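# Commentary on secondary and tertiary structure
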Amino acid sequence: MDAKVIKEEQIGRSVPRMEGAAKVTGRAEYIHNIRLPGVLHGKMFRSRIAHGRIVSIDTSAARAVAGVHSVVTGEDIQRLIAEPYYGPAFHDQPVLALHKVRYVGEPVAVVLATDPHVAEYAAGLITAQYEELPAVFNEVEAATSPIHVHDELKPAITFPDLKHLKGKRGTNIALDYKLRRGDVEAQFASAAHVFEHEFHTQHIMHTPFEPFVALAEPMDDSITIHTSTQMPAYVRLEIARLLGWPENKVKVRTAWLGGGFGAKVYVKIEPMVVALALLARRPVKMSLTMEEQFYVIGKHATTFRIKSAVTADGRISARKCEVFWNGGAYADIGPRVSQKSGFTSTGPYRIEHAQIDSAEIYTNLPPAGAFRGFGIPQLVWAYESHTDIIARALNIDPLEFRRRNILREGDEHPTGTAMRDAEFEEVLVRISARMGWDQPFDRGTGTKRRGRGIAIGVKASIAPTTSFALVNVSADGSAVLFCNTIDMGQGSNTSMAQLVAQVLGTSSERVRVTQADTDVTPFDMGTLGSRSMFHMGHAVRLAAEHAREQLEALCAETGIEYQDEHSIAQAFRKKFGMQAGNIFGVGHYTSRYQPADHDTGMSKEITPFWMIGGTGIELEVDTETGHVTILRMVNVVDAGRAVNPRVVDTQISGAALMQMGATLSEEMVFNEGELTNPSLAFYKIPGMRDMPVAIENEALEAETRSGPFGAKGVGESGTFGVSPAIANAIDDAIGVRLYSLPLTPEAIYRGICAARGEPLVD
Amino acid sequence: MKLPPLDYALPRSLDEAIALLSESEGQAKLLAGGQSLMPTLAFRLATPALLIDLAAIPGLDRIEITAAGVRLGARVRWVDIEQSEPLRTAHPLLVAAMAHVAHYQIRNRGTVGGSLAHADPAAEWPGLCVTCDAIIEVIGPAGSRLIEAGAFFSGPLSTHLAEAEIITSITLPAWPRGRRWGFQEFSRRRGDFALAGIALHYDTDAAGRVLDPHIGVIGACHSPHRLRAAEQAISGQVLDDVLIEACAQAGSAEVDPPTDLHGSARYRRALVHAMLSRALQQA
């Protein structure tokens, strides 16, 4: 590229968020605000039992309510769609329960009415008779339980590595990823030290402040779906598959998303609104309440058994990991979580002998799927707590122990993929430098004890995936980018516009990004797993380069020197005699990937890039209440080159604070499968006054040579180290080690009492 | 969610409000600050036919400080107490406790009368009233009467307020110079309802002995009450660390806390111990 035409570098510029003003003044468009004439509102009747056969559903009282249009059950759906089961990994989830219910809260029937309150009232009049079946809730029990959530496994065609599970009966295991490298047992037999622990994480929910909302609008021979989704292209694909229609008859569009965090990936309520709208022949809107979100999708609870062999000089020679993922009643994208994250279970360490068994397990609980970090926070919680325990037991400084074992450039990850552009050690160095790790530390007095801890985690990008982009340059030199990357609050539109402007040599403010609309925006796999800056970033770069080639040709043809948007405008005017015309640039990108071997789990190219995030924590524990005050939180990530440093900074702190809530207070509490706290009064998300006293973020000065302009994804990296860094700091402060999340004041206080030999007896 | 359909009335006098309340035969709810009532309606946990808004009744928002004590009109808001300069000396315990009441947005609307009528056992204000010997003035079709705060609550979210009665004011007895006080509470998040909290005050004689101790508990109880054994433990004694510990033990032994989603009974009992000990140290 000709450097002299670029007036200002667009990469590395903290361009203000393009939607900022519209959002803070309340003018940004959200799906919830769409008003369509003749719309019907749907409200669900949900299962109150965890597992059972449906004997009968009595909808007569609901149908009799004035204002009710109709009541729809699973059998009605089946009249429209013979096989009404959806899901990205398994076709296991019915649009409405058919024959069986598999968790408390599963949708069983929907009332349609012109007034949502009428629909809700009528839904409350529906009753159902069930033949109750025994249920299984715990992931470890479910792995071998005679109680089976599904009679037969039905893998979707999307993922080749699930094919071997087709038709399998008598199991709850929906995916069993294995890694076998070297001989761990021989190492355990001969090692100087062996450590073994079991860790647990709890079910939590994404709680986007815009709950799920979708509106289906039947047309003459097509259907438009207005939906708050992170994956418009996939919604189109899956709806087309369910209906047996060509993709071009299904139009999916989004507006701004009020948060996603992984909750709105793949399909959620879209099949339901589509089926209802086609049955009713009217537009149908479903807008879930905050409480209902708990029954749609959450984050896997896990049990992680981890065992390490350590040499006399403090090197990890072998590690064995057994991870049980509680997937709930429907697989959603859970099997991908247990595999794509599962293969990183040994952590960011150089370990010659490694064994991983990572299993996605069906239970009679609400489904679990993608959640900011895609399973990585659960894994880092365990392996970085374990790592700290080992360091302390061997009397090695926890930072030093990590540095002794950390993966370095060129080292082989246990999967067999060599590390490239992965600044693990530098992340540790920067955290410890900021914390003054080698300086004396005030340990507090009396009932206020202080401690500090660090932790670091690694994530692989989901692969292989594809992104397409289209850049439309207008005759005045301004441009519109058509891309399906969804800006759900992370600032992607601003960053993508910067990439276009960088290539065209214009300013970012002269580039606008459309909202996704599958009739016009080209295919993208989806906005998830921090993949967009890398994959869509490349596609956008290529599309902009394609546009620039044509613009340069236009300038050459018209005798104008290519400089900026003004010269582009001049060239258009000269060519067409007026301000007219367009230049279209197209680009697409598919990441390189080599599938893991089924038997060994190994691959030479398991991911297009590695994400790295670490956290350092200084905290104070109140020993009489168990309350933790985070005095200082230091988050350092390797995000490659920061396209928009301000956006990167807010991504790091947003991710870290979200994980802080998951660490200290958030928990979906079940009693025999029934969620006891589906409300923000009882499900505790930290508020502004619960934030750390001080928080600092750093994106290393790094470059991802394979990434667009040296960049890579950063949406999740801030989550990785938070939970174990907090637990490690608690241990440092009061000598209490906790193995289960969340680290509530009561759990910590109970730990304190137990440690002094006076356990609380209820 | 939106509120259920209901009628709304804005009476200009107490007489008018009482008449509306009597006519409604239990189908009406009084609206003061609305910080508990409005969410209850929005979740449709209550569906009254009529809301009687007390906003236009004159005189209910006054704070009066006299030799007899502090008289708060029922519509006095938390923020009025928090920002009142005279109350800092007239009733420092009351002012200090306000910082713990929910969040500032709620303190801008929530009222002292509304909180008493709602009677949440984890709320600060009912506990303060019980601890400080408050007298609650109510008015109904039969005229007005005075109720001691200690006899006002009948359990979680319930009171001895008769149908068609309206709380009009709360009077806290005069605060003697030199009175010692403490307020401590613990909640899971800042601004949440307390898992356990302690309000206390006592006077001292010339020898520094504790006179007339008042210790009240919130959160770790079904309705706020005095901790008599804890009071007994320090009454007539000069406080020291040993006595504070004995008092905290007595207090945590005599509470009967609930177990719920927010915390176990055993944990709340431990919190009562810590809060009581800290409140005494604070005093």
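About the thresholds
Residues numbered from 1 in each chain as written. Chains lettered and ligands numbered in written order. Predicted model: local features only at pLDDT ≥ 70, side-chain atom pairs only at ≥ 80, totals over all residues. Heavy atoms only, no water. Helix = DSSP H or I, 4+ residues; strand = E, 2+ residues; numbered from the N terminus. Rg over C-alpha atoms; globule rule 2.2 N^0.38 Å. Buried < 20%, exposed > 50% of the residue type's maximum accessible area, 1.4 Å probe, protein only. Contact = heavy atoms within 4.5 Å. Areas by Shrake-Rupley, 256 points an atom, 1.4 Å probe, with all protein chains shown as cover. Lys, Arg positive; Asp, Glu negative; His and termini not counted. Charge placed at Lys NZ, Arg CZ, Asp CG, Glu CD. Domains from an automatic or database assignment. Buried area = accessible area lost by both parts, 1.4 Å probe. Salt bridge = Lys/Arg side-chain N within 4 Å of Asp/Glu carboxyl O. Nonpolar A, V, L, I, M, F, W, Y, C, P; charged D, E, K, R; others polar. Pairing = 2+ DSSP bridges. Polar contact = N/O pair within 3.5 Å; in protein donor to acceptor, adjacent residues only side chain to side chain. Disulfide = S-S within 2.5 Å.

## What to know about the overall build of chain B
The secondary structure content of chain B amounts to eleven helices and 14 strands. Since a compact globule built from 283 residues should have a radius of gyration of about 19 Å, the 19 Å found for chain B is in line with a globular shape. Counting the 283 residues in chain B, one finds 53% classified as buried. Expressed as a percentage of contacts within chain B between residues at least 6 apart in sequence, the contacts between residues at least 24 apart total 62%. Within the structure as shown, chain B displays about 12,200 Å² of accessible surface, and the carbon and sulfur contribution to it stands at 51%. Of the charged side chains in chain B, 25 are positive and 30 negative; the average position of the first set lies 6 Å away from that of the second.

## Focus: the side chain of Asp332(A)
Residues and elements named next belong to chain A. You can see Asp332 is positioned in the loop between β16 (316-328) and α10 (334-341). Residue classification places Asp332 among the buried positions, given a relative accessible area of 5%. In this view, Asp332 contacts Pro88, Ala89, Val267, Lys268, Ile297, Ala368 and Gly369; residues no more than four positions away in its chain are not counted.

## Thoughts on the domain arrangement of chain B
Residues and elements named next belong to chain B. Domain annotation of chain B identifies domain 1 (7-53), domain 2 (63-173) and domain 3 (181-282). Placing a centre on the C-alpha atoms of domain 2 and another on those of domain 3 gives a separation of 20 Å. The interface of domain 2 with domain 3 comprises 22 residues on the first partner and 22 residues on the second. The three residues of domain 2 that bury the most area against domain 3 are Leu93, Pro121 and Thr131, which together make up 30% of that side's buried surface. Linking Arg226 and Asp133 is a salt bridge whose minimum nitrogen-to-oxygen distance equals 3.2 Å. Elements supplying a minimum of two residues to the side of domain 2 that touches domain 3: α5 (92-98), α8 (124-131) and β8 (153-155). Per-element accounting of the side of domain 2 that touches domain 3 gives the leading share, six residues, to α8. Residues belonging to the side of domain 2 that touches domain 3 are distributed by class as follows: 14 nonpolar, five polar and three charged.

## Focus: the pairing of strand β13 (residues 250-253) of chain A
In this structure, strand β12 (residues 223-227) of chain A lies alongside β13(A), joined through four bridges in parallel fashion. Residue pairing in the sheet places His226(A) in a bridge with Arg253(A) of β13(A).

## Structural notes on the side chain of Lys684(A)
Looking at the secondary structure, you find Lys684(A) in the loop between β27 (674-675) and β28 (695-699). Polar side-chain contacts of Lys684(A) include one of 3.2 Å to the backbone oxygen of Ala681(A). Setting aside residues up to four positions removed in sequence, Lys684(A) forms contacts with Ser665(A), Glu666(A), Arg188(B), Arg189(B), Asp192(B) and His262(B).

## Quick notes on the pattern of salt bridges
Enumeration over the complete set of coordinates arrives at 71 salt bridges over all chains. The partner of Arg450(A) in a salt bridge is Asp442(A), with the nearest N and O atoms 3.8 Å apart. Here Glu165(B) and Arg145(B) are joined by a salt bridge, their closest N and O atoms 2.7 Å apart. On the criterion of sequence distance, the pair formed by Glu165(B) in the loop between β9 (158-159) and β10 (166-173) and Arg145(B) in strand β7 (residues 143-148) is long-range, its members being 20 residues apart.

## Some thoughts on unusual backbone geometry
Residue and element names in this part refer to chain A. Here the amide bond leading from Ala463 into Pro464 is cis, since omega sits at -5 degrees, within 30 degrees of zero. Along the chain, Leu741 connects to Pro742 via a cis peptide bond; the corresponding omega equals 0 degrees. Within the secondary structure, Pro742 is located in the loop between α18 (722-734) and α19 (745-755). You will see that Phe709, though not glycine, has its phi angle at about 55 degrees, which is positive. Relative to the helices and strands, Phe709 is located in the loop between β28 and α18.

## Digging into the state of the cysteines
This structure, assessed with the given rule, holds zero disulfides over all chains. The thiol of Cys132(B) is unpaired, and the distance to the nearest cysteine sulfur, on Cys129(B), comes to 7.7 Å.

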